[in-house]
Amino acid sequence: MGNNRSDNCAEKRLWHRIATRFGLIVTVALLTAAKLAAQQTPFAAGPRLQPDNGSEEAAVKRVVDGIMQPYLAQGQRSLPRGRTWSRSPNVGAIVAVSLHGHRYFFPYGKATNAGAPFTSDTLLEIGSCTKTFTTTLFALAINRNQIAPDASAQKYMPEGYTLQAQQLTPLELADFTSGMPDDPTNLPRLLERRSIDYYTVNDFLTWGSRYEPTSQLPAPYRYSNAGIGLLSYLVATATGKNWEDQVNSEILQPLGMADTTLRPTPEQQKRLAQGHNRAGQDAPRWPVFAWYAAGGLRSTAQDMISFGEAYLGHQEVNGKPVSAELIEAMQLAQKPIFTMPNGNKQAMAWVNNIGGGNPNLHPVIMKNGGTAGFGTGIAINPTKDAAIFIGMNQAGAQPIAKGVEILRHLP
């Protein structure tokens, strides 16, 4: 547990720098107001809960079914860049909802081609939802004064690597203003050859060291797996502890998340869902890349809704107390930093979705994920003390939009 006074000072210094850098005044007011303000206006017609109309679980189920069943029944969808999504006959989903600390799980379709159903303990590849674990560790390191978010990233580079972009900062990696491309530009063509066994940590850090921004930093928003991957190595240097050990000791063990891992055990592998690509065909298992901190974790609906409850600020999750230090770091990680072109607000990996700028809507704080065979999303609505996780075993599904919709229709 860090010193509270020094933690608060570190946080104040961080947000003063952000306000100066972006010309914004960013405070906790957005989240505080969300908790205190009146009930939000629904942004679209659709199923809504009637608190006096049966049990809470039945009411939540009506909302979830009303949104998910038509979505899952769609045979084809158009995707960006002229691509098409075709529904796999073996597609399925698991939806986990926490409302006022009560958990509900709703399975749909198939988890495997043999017909095994989804359960709250089915493992899925959560893809870029992994980034929120990395920025939680980053926020912890900031509050412990182990890393300065606006210092040169070179200060925290692993020994033996020198950045060409000396002006690059850890915060620019966390909020996607580093200008880095989505993935390293020198990757092998085949997915399996991108594994850490072939494209090594040295390969990744050498590539990252040679990165040169094409514009002044902070650059305009550009989503980057590589940037979050590099951030994880900076945090590891600053703290003296590797990413995997930190995730286990700082997040997974304290929150009782026993089924969240980079490398599933033989028992966990038996509970892995079968993924499918956009065309509906079986997808290969997602490799562990050298930048695994951006997208390598496997998890379950049970574990991810635990993570969501902690991000809501619950002081107890899975019967275990959540430290004030971890809650403070999670609050820091989800704070908006700048406004994106679509009106949403970017935080550290998290996005504050404010419904296209509608001032009547309180933010839903969200992160989506995807791999070659899965689409996932986690989101919280602090106003309603609600969290949701959706996992689907087909790529390109983008279920996060449905998660936001569900959260906005809960009471």
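Residue positions are given per chain, counting from 1 as you read along its sequence in written order. In keeping with the predicted nature of the model, local features appear solely for residues at pLDDT of at least 70, side-chain atom pairs appear and are counted solely at 80 or more, and the whole-chain, interface and lining totals rest on all residues. The basis for every side-chain value is the complete set of non-hydrogen atoms in the structure, without hydrogens or water.

Turning our eyes to something else, we now look at the pairing of strand 14 (residues 386–392). Burial classification: accessible surface area is computed with a 1.4 Å probe over protein chains only, and a residue below 20% of its type maximum counts as buried, one above 50% as exposed, and the rest as partly exposed. Only DSSP runs of H or I with at least four residues qualify as helices, and only runs of E with at least two residues qualify as strands; both kinds are numbered from the N terminus onward. For strand 14, the buried fraction is high: seven of the seven residues fall into the buried class. Burial along strand 14 is two-sided: the residues Ala 386, Ile 388, Ile 390 and Met 392 and Ala 387, Phe 389 and Gly 391 are all buried. Taken together, the seven bridges between strand 13 (residues 375–381) and strand 14 define a ladder with antiparallel strand orientation. From the neighbouring strand, Asn 381 faces strand 14, where its bridge partner is Ala 386. The antiparallel pairing of strand 13 with strand 14 creates a hairpin that spans four residues between the two strands, and Asp 385 there sits at a positive phi of about 50 degrees. Two strands are counted as paired when DSSP detects at least two bridges linking them.

A few words on the pairing of strand 3 (residues 92–99). Consecutive residues of a regular strand have side chains that alternate between opposite faces of the sheet. For strand 3, a buried count of eight out of eight residues is recorded, marking the element as mostly surrounded by other parts of the structure. As defined by bridge partners, strand 3 adjoins strand 4 (residues 102–109) across eight bridges and the pair is classed as antiparallel. Within the sheet, the bridge partner assigned to Ala 96 lies in strand 4 and is Phe 105. A loop of two residues connects strand 3 with strand 4, the two strands running antiparallel in sequence, and His 100 in this loop sits at a positive phi of about 55 degrees. Summarising the sheet, strand 3 and strand 14 pair through seven bridges and their orientation is antiparallel. Looking at the pairing, Ile 94 lines up with Gly 391 of strand 14.

On to the environment of Thr 339, then. Here Thr 339 is to be found in strand 9 (residues 338–339). The spatial distance from the C-alpha of Thr 339 to the C-alpha of Tyr 221 is 9.6 Å, given a sequence separation of 118 residues.

The next thing to look at is the packing of helix 4 (residues 130–143) against helix 8 (residues 243–255). Axes, fitted as lines to C-alpha atoms, cover a helix only where it is in contact. Angles between the N-to-C directions of the axes lie from 0 to 180 degrees. Where helix 4 meets helix 8, the closest approach of the two axes is 10 Å, and the angle between their N-to-C directions is 80 degrees. Judged by the inter-axis angle, helix 4 sits roughly perpendicular to helix 8. Along its contact with helix 4, which presents Thr 130, Phe 133, Thr 134, Thr 136, Leu 137 and Leu 140, the element helix 8 presents Trp 243, Gln 246, Val 247, Glu 250, Ile 251 and Leu 252. Asp, Glu, Lys and Arg are counted as charged, while Ala, Val, Leu, Ile, Met, Phe, Trp, Tyr, Cys and Pro are counted as nonpolar; the rest, among them Gly, fall into the polar class. Residues belonging to the contact of helix 4 with helix 8 are distributed by class as follows: seven nonpolar, four polar and one charged. The cut-offs work like this: below 35 degrees is roughly parallel, past 145 is roughly antiparallel, 65 to 115 is roughly perpendicular, and the gaps in between are oblique. Contacts are residue-level and defined by heavy atoms, with any inter-residue pair within 4.5 Å sufficient.

Turning our eyes to something else, we now look at the side chain of Glu 309. Relative to the assigned elements, Glu 309 resides in helix 10 (residues 301–311). At 2.7 Å, the side chain of Glu 309 forms a polar contact with the side chain of Ser 98. Ignoring anything within four residues of it in the chain, the contact list for Glu 309 reads Ser 98, Gly 101, Arg 103, His 314, Val 317 and Ala 387. Under the rule applied, a polar contact is a pair of N or O atoms within 3.5 Å (in protein, one hydrogen donor and one hydrogen acceptor; residues adjacent in sequence only if both atoms are side-chain atoms).

A separate point is the confidence of the model for the protein. pLDDT expresses how confident the predictor is about each individual residue, on a scale running from 0 to 100. Across the protein, the average pLDDT comes to 89, with 86% of residues at or above 70. In the predicted structure, residues 1–10 sits below a pLDDT of 50 and forms 14 contacts with residues beyond four places in sequence or in another chain. Across residues 22–54, where pLDDT falls below 50, the model places 70 contacts with residues more than four positions away in sequence or in other chains.

Salt bridge, as applied in this entry: a Lys or Arg side-chain nitrogen positioned within 4 Å of an Asp or Glu carboxyl oxygen. Under the defined criterion, the tally for this structure stands at nine salt bridges. For Glu 267, the salt bridge identified is with Arg 271, shortest N-O distance 2.8 Å. For Glu 267, a relative accessible area of 44% translates into the label partly exposed. In this structure Arg 271 comes out as partly exposed when scored by relative accessible area, which is 22%. In this structure, Glu 405 engages Lys 402 in a salt bridge whose closest nitrogen and oxygen atoms are separated by 3.5 Å. With Glu 405 and Lys 402 both in helix 12 (residues 400–409), this residue pair falls three residues apart, about one helical turn. The network of salt bridges with shared partners includes Arg 144, Glu 250 and Glu 325.

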